[in-house]
Amino acid sequence: MPEIILSDYFYGDESEEFVYFKIPRQLITNPKFKHVSTDAKLLYGMLLDRMSLSARNGWYDDTGQVYIYYSVDEICGDMTCGRDKAMKLLAELDTKKGVGLIERIKQGQGKPTKIYVKRFTTRTIPPKPAPPPLESFMPFSQVDFSNVQKSEIPTPRGGKNRRAAVEKPDPNYTKRNQTEFIQPDPSISPRKSPAEGLEMDRYERRKELKANIDYERLRREHPCDDIDDLLELMLDTVCSTAPAIRIGGSDIPTEAVRNRFLQLDSEHIQYVIDALKQTTTKINNIRAYLLTALYNAPVTIGPYYSAAVRHDFH
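Residues numbered from 1 in each chain as written. Predicted model: local features only at pLDDT ≥ 70, side-chain atom pairs only at ≥ 80, totals over all residues. Heavy atoms only, no water.

> Explain the overall build of the chain to me, please; I cannot follow it from the model alone.
A tally of helices and strands in the chain yields 11 helices and four strands. When each of the 314 residues of the chain is scored for burial, the buried share is 25%. Excluding contacts between residues fewer than 6 apart, the proportion of contacts in the chain whose partners are at least 24 apart in sequence is 54%. Element-wise, carbon and sulfur atoms account for 54% of the exposed surface of the chain, whose accessible area totals about 24,600 Å². (Helix = DSSP H or I, 4+ residues; strand = E, 2+ residues; numbered from the N terminus. Buried < 20%, exposed > 50% of the residue type's maximum accessible area, 1.4 Å probe, protein only. Contact = heavy atoms within 4.5 Å. Areas by Shrake-Rupley, 256 points an atom, 1.4 Å probe, with all protein chains shown as cover.)

> Would you take a moment to explain the packing of aromatic side chains for this structure?
Aromatic rings in a pair are described by how distant their centres are and how their planes are angled relative to each other. For the structure shown, the criterion picks out three aromatic pairs. With a centroid separation of 5.0 Å and an interplanar angle of 75 degrees, the aromatic rings of Trp59 and Tyr69 are classed as edge-to-face. Placement of the pair is Trp59 in the loop between α2 (38-57) and α3 (72-79) and Tyr69 in the loop between α2 and α3, with a sequence separation of 10 residues. With respect to class, Trp59 is no different from Tyr69; both count as buried. Three or more aromatic residues joined by ring pairs make a cluster, and in this case those are Trp59, Tyr67, Tyr69 and Tyr116. For Arg50, the ring lying beneath its charged end belongs to Tyr70, and the centroid distance is 4.0 Å. (Phe/Tyr/Trp six-rings, centres within 6.5 Å; stacked < 30°, edge-to-face > 60°. Lys NZ or Arg CZ within 6 Å of the ring centre and 35° of its normal.)

> Before we go on, may I ask you to explain helix α10 (residues 266-278) in this structure?
An α-helical turn contains 3.6 residues, so a residue and the one three or four places further along point in the same direction. With 13 residues, α10 extends 19 Å between its outermost C-alpha atoms, agreeing within 8% with the 18 Å of an ideal straight helix rising 1.5 Å per residue. Those residues of α10 that sit buried are Ser266, His268, Ile269, Gln270, Tyr271, Val272, Ile273 and Ala275. For α10, the N-terminal cap is Asp265; the gap from its side-chain oxygen to the backbone nitrogen of Glu267 is 3.0 Å. (Expected span 1.5 Å × (residues − 1). Polar contact = N/O pair within 3.5 Å; in protein donor to acceptor, adjacent residues only side chain to side chain.)

> Mind showing me how you'd approach the pattern of salt bridges here?
Side chains that carry opposite charge are capable of pairing whenever their charged atoms lie near each other. Counting across every chain of the model gives 16 salt bridges. A salt bridge links Glu255 to Arg258; its shortest N-O distance comes to 2.5 Å. Of this pair, Glu255 and Arg258 both sit in helix α9 (residues 254-261), three residues apart, roughly one helical turn. (Salt bridge = Lys/Arg side-chain N within 4 Å of Asp/Glu carboxyl O.)

> Quick question: what am I supposed to make of the nonpolar core here?
Side chains of a nonpolar character, in soluble globular proteins, are inclined to be buried together. Counting 29 residues, the largest nonpolar core has Met234, Phe261, Ile269 and Leu294 as its most contacted members. Every element with two or more residues in this core is listed here: α6 (194-213), α7 (215-221), α8 (224-238), β3 (244-247), α9, α10 and α11 (286-312). Excluding residues within four positions of it along the chain, Phe261 makes contact with Leu209, Met234, Thr237, Val238, Leu291, Leu294 and Tyr295. Core analysis: the next-biggest nonpolar cluster, separate from the first, contains 24 residues, Leu43, Met46, Ile68 and Ile75 among them. (Core = buried A, V, L, I, M, F, W, Y, C linked by side-chain atoms within 4.5 Å.)

What follows is the structure in structure tokens.
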């Protein structure tokens, strides 16, 4: 047995030992490409190999299509051929003169030609497999019918009573009221799922709340995040499906809280923002604090500003 030598490293050009050019199988087997020369097929594989350079070099046009650069001189060197043959091989693959596997775009002014390497498939439909022989469809000679339900009404064996037996068949259970079993076609007036209903309700509530608080004006006068956060908190509360909401340590029916929040306007929001700015104590639960402030705003806004006016006059 020959000795196998395991090398830890690649030296010199050994790194290229296991690098291959890939040529699509259909270039060899499909009759459409039979007239394409073997050298042109090899060149197409070399062009495909060059596509890996496009990502590294950023060779994409404005539409995102990948192109490569492969000059005639480089082809001559790699294929060990003259310039005329290199041009002939490119023409075999080109869309204008050849099979249409590449497209060359000249840029002029001494710039290299762009080459678009095209993918290809065939639309040949493979023939259908031959049907199996009829013998394979013959029924089995021995079949167990022991589990098949039989009629409870006996049928006479004699030919004379055959008509009477036919006139009194088994009850036809399919003649029952079919409306008990018919399921409505969901494509006809489909019902909205609960999630869709909640989403629609949330969308409408958001519009209502924005109109109530003069949302656009508040965003111009205050940081957008502050207004958006308060709006989302109000929206979560108004759309809540919980039976009660905790406000200031007490559980208040959700319907009562919803009605209160739908009464809030821009002045109430302004009041809550001002009160929050003047708070000097640490707020551990900002959500609970804002819920309480918003719920109490219609009741406390008057005394708050009255106290502020009296303070300014003293």
